[in-house]
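One letter stands for each residue in the lines below.
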Amino acid sequence: MKSKPLPADPIIRELVRKAQSATMNRRALLTGAAAGATGLALSACSTGPAELTAAPDTSATDKLVRWDNWALYVDVDDAGNYPTIDAFEAQTGITVEYTEAVDDNNTYYAKVKDQLSLGRDIGADVVCLTDWMATRLIRFGYAQKLDRSKMPNVENLLPSLQNVDFDPGRELSIPWQGGFAGICWNKELLPGGIESVQDLWKADLKGRVGVLSEMRDTMGLIMLAQGVDISGDWGDDEFNAAIDEFSKQVADGQIRNIKGNSYKEDLVNGDTVAAIVWSGDIVQLNAENGNKWEFIVPDDGGTLWNDNFMVPIGSGAKSNVEEMINYYYDPEVAAEVAAYVNYITPVVGAKEAMMAIDPELAENKLIFPDDEMLSKAFVFRELDSSEEQKYNTAFQSVVLGAA
Amino acid sequence: MAFAAFSTTAAPSSSDSIKKKSPVALLLLLPGILYLVLFFLAPLVSLLLTSFKVPAEFGDIGEFSYAFRWENYTDVISAYWPHILRSFGYAITATFFALIISYPLAYFIGVKARRWPLLQSLALVMVVAPFFISFLLRTLAWKQIFSDESFLVTSLKAMSLLAPDAHVTGTAFSVIFGLTYNFIPFMTLPLYTTLERLDVRYLEAGSDLYASPFHVFRKVTIPLSMPGIVAGTLLTFIPAAGDYINASREFLGGTGTQMMGNVIEANFLVLQNFPAGAALSIILMSAILVMVSFYVKKSGTEDLL
């Protein structure tokens, strides 16, 4: 640009200078925008799969565990304190920051996945997520390998949970609590009760039925009612038959709403009279609102799931977490938690410990399921990523009223 | 500036003074420009690039690679066209009702209550007061009021004003109600600011010329309050079209009332289908932009924007 000498005439010279600076500006602007866009594109590209390494463990100097968990999922006393966490803090000098940050597996994952994929800290040292989401985190390499030798109490883990497909030998995930998805009804408004998923589709319940937005639970129960073994080898045909039924009930207005944990509000305010729900919640709802609801696992079967402790790849507090997991696998501590949350505890010996706290609860089949109860409970089989995508999309289409 | 180039002798002083000023002006503009680039332009570029992505080959859930797959747009339109239409239908209806309710209110506060300044300020505080409580809480409260076993719904049913098997939450009514309710202050305040400056002598002149009250209202009051009407409708319509709280299944909506905001949320957070969510966001933005510029052109108030 500077190679040509400028004309002698001052007016023309000024004009040329103006014109040049104008193009310069425009060009600079365009280059700037292009650089910005490329930068963005590159930064987004760098999130591709890379071998992630666990953050260095600073547990020895930093006595802190940040624990993200679901609502109403640890014991709370009337003053709002967490007795078992307080006891752990007093015992070990480790501070626990407990947050009810998980409302839904999917939305929690969506919140933290970018940091996870870069191996960065997500603001939590341990998080409890459901089996299928644990599968995904492990598949991506987002969970840290745990040292079982530092957690001797984990030997108390129920034999049935010692080996799972997604984590053979339990090296990356340790169960926290488990539960059933089954059906419940309002005993005052529906004295006759219901016995199966089919009963939810009865005419007198039109517009008063709620189901869970957790795909595996709602679809699992419908498929079980259609005679499919959800743990077994089923495929598109079985799933589509169940989606058709689900879609029909939504379109007909039989199903009032499809929700996550907030389905409780609908049960309380009476919008729903019967619903597909999680076992432990109903015990707590009954305690808070008078003994109004009855929960059963239908004879056709209900789903069984576990939420698992996992240490995110970017956390530097693995040893502290291991100490905490070890603490919660003490049968007496496990019984104390189970007495409050009413979900299935994975700790052998908790039942005996519960006898001392509350003998009646020790007989509760929702906390300590017997063989008959367990024979009706099925684990939704593992889905590969393309199946998961396909089935989730089909399920969400119905949820959004787009099917 | 352009003429400065032609004057060889007199120009330097003025162009010098401009040059002296410009670094300061630029410095002052810098935070604003940086803010826009960082929080508007960059996300917009990223969103646009995302909307054309394709699933990564052998990729897992939520893994996409850059491409130019414009079919993403036709895909989401064919899958979610009812939600797109519903969003704008609900937003227009809610804006209409908010206007019908807010105009008399703003007229009362801004014109009729002029003689009593205390009443005027009290009424204004009452319009703004709901903002002191989170709008999520207020919407949840409506959900309780409209629930099946609530006093309101059971009494309506007892009086046969509502069919025995009818319900209110999860219907188009409750969602539009929620939108209208939540956006009324956004409609009232701009209407108030224009009506407050309305010169009533124009109205008197109108009636002196034998115009009926209705005629005065139509020919004088409405045109004079047009800036407020346009501002209010825009402030209501734009957020209402993208709203996902009122229509959410957790609040006043149901599966049959999902709006575009809910679909975008589901695609981003539940399905991890970022291209679909991004394409829907771009569609929503462009549609609002087109509708708003058409509206502003029609109502002849371009200088407002």
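Residues numbered from 1 in each chain as written. Chains lettered and ligands numbered in written order. Predicted model: local features only at pLDDT ≥ 70, side-chain atom pairs only at ≥ 80, totals over all residues. Heavy atoms only, no water.

**Some words on unusual backbone geometry**
In step 1: The phi angle at Arg-170 of chain A is positive, at roughly 50°, despite the residue not being glycine.
In step 2: Along the chain, Arg-170 of chain A turns up in the loop between α5 (159-162) and β4 (174-186).
In step 3: Of note, Ser-160 of chain B is a non-glycine position whose phi angle comes to about 60°, a positive value.
In step 4: The exposed category is assigned to Ser-160 of chain B, whose relative accessible area is 62%. (Helix = DSSP H or I, 4+ residues; strand = E, 2+ residues; numbered from the N terminus. Buried < 20%, exposed > 50% of the residue type's maximum accessible area, 1.4 Å probe, protein only.)

**Structural notes on the domain arrangement of chain B**
Residue and element names in this part refer to chain B.
In step 1: According to the domain assignment, chain B contains domain 1 (3-51) and domain 2 (79-304).
In step 2: Each of domain 1 and domain 2 was reduced to a C-alpha centroid, and the two centroids are 38 Å apart.
In step 3: In this assembly, 5 residues from domain 1 lie in contact with 8 residues from domain 2.
In step 4: Three residues, Leu-47, Thr-50 and Ser-51, lead the burial of domain 1 against domain 2; their summed loss comes to 76% of the area buried on that side.
In step 5: Our enumeration of links across domain 1 and domain 2 arrives at 0 salt bridges.
In step 6: Connecting domain 1 to domain 2 are 0 residue pairs in polar contact (both at pLDDT 80 or more). (Domains from an automatic or database assignment. Contact = heavy atoms within 4.5 Å. Buried area = accessible area lost by both parts, 1.4 Å probe. Salt bridge = Lys/Arg side-chain N within 4 Å of Asp/Glu carboxyl O. Polar contact = N/O pair within 3.5 Å; in protein donor to acceptor, adjacent residues only side chain to side chain.)

**Considerations on the interface of chain B and chain A**
In step 1: Contacts between chain B and chain A engage 40 residues on the former and 45 residues on the latter.
In step 2: Taking both sides of the interface into account, the surface hidden between chain B and chain A amounts to around 3,600 Å²; carbon and sulfur atoms contribute 56%.
In step 3: For chain B, the biggest contributors to the area lost against chain A are Ile-61, Arg-249 and Thr-255 of chain B; these three give 18% of the whole.
In step 4: The interface formed by chain B and chain A holds 5 salt bridges in total.
In step 5: Run the count over chain B and chain A and you get 13 residue pairs in polar contact (both at pLDDT 80 or more).
In step 6: Looking at the side of chain B that touches chain A, the elements with two or more residues in it are α1 (11-51), α2 (71-110), α4 (135-145) and α9 (260-270) of chain B.
In step 7: By residue class, the composition of the side of chain B that touches chain A is 18 nonpolar, 15 polar and 7 charged. (Nonpolar A, V, L, I, M, F, W, Y, C, P; charged D, E, K, R; others polar.)

**Description of the side chain of Thr-221 of chain B**
Residue and element names in this part refer to chain B.
In step 1: If you trace the backbone, Thr-221 turns up in helix α8 (residues 213-242).
In step 2: Accessibility expressed as a relative area gives 2% for Thr-221, which makes it buried.
In step 3: Residues contacting Thr-221, with those up to four places away along its chain left out, are Tyr-103, Tyr-107, Leu-195, Leu-198, Leu-203 and Val-216.

**Details of the pattern of salt bridges**
In step 1: Within the structure shown, the criterion is met by 25 salt bridges over all chains.
In step 2: Taking the shortest distance from any N to any O, the salt bridge between Arg-148 of chain A and Glu-155 of chain A comes out at 3.7 Å.
In step 3: The exposure class assigned to Glu-155 of chain A is exposed, which follows from its relative accessible area of 53%.
In step 4: By sharing partners, the salt bridges in this structure join Arg-208, Arg-256 and Asp-271 of chain A together with Asp-148 and Glu-149 of chain B into a single network.

**What about the nonpolar core?**
In step 1: With 122 residues, the main nonpolar core has Trp-67, Phe-246 and Tyr-328 of chain A as its most contacted residues.
In step 2: Both of domain 1 (64-176 + 307-352) and domain 2 (179-304 + 381-399) of chain A provide at least three residues apiece to this core.
In step 3: Dropping the residues within four chain positions of it, Tyr-328 of chain A is found in contact with Trp-67, Val-74, Thr-84, Ile-85, Trp-176, Val-333, Ala-334, Val-337 and Val-347 of chain A.
In step 4: If you look at the next biggest cluster of nonpolar residues, it comprises 36 residues, including Leu-400 of chain A together with Tyr-80, Ala-266 and Val-292 of chain B. (Core = buried A, V, L, I, M, F, W, Y, C linked by side-chain atoms within 4.5 Å.)

**A few points about helix α3 (residues 105-117) of chain A**
Every α-helix carries 3.6 residues per turn, so stepping three or four residues along brings you back to the same face.
In step 1: For α3 of chain A, built from 13 residues, the straight-helix expectation of 18 Å at 1.5 Å per residue is met to within 8% by its first-to-last C-alpha distance of 17 Å.
In step 2: Within the sequence span of α3 of chain A, burial applies to Asn-105, Asn-106, Tyr-108, Tyr-109, Ala-110, Val-112, Lys-113, Leu-116 and Ser-117 of chain A.
In step 3: Buried residues along α3 of chain A sit in contact with β1 (64-70), β2 (95-102), β3 (126-130) and α4 (131-140) of chain A together with α9 and α10 (274-298) of chain B.
In step 4: You can read the cap of α3 of chain A off the contacts: a side-chain oxygen lies 2.7 Å from the backbone nitrogen of Asn-106 of chain A, and it is on Asp-104 of chain A.
In step 5: Backbone geometry just downstream of α3 of chain A places Gly-119 of chain A in the positive-phi region, at approximately 75°. (Expected span 1.5 Å × (residues − 1).)

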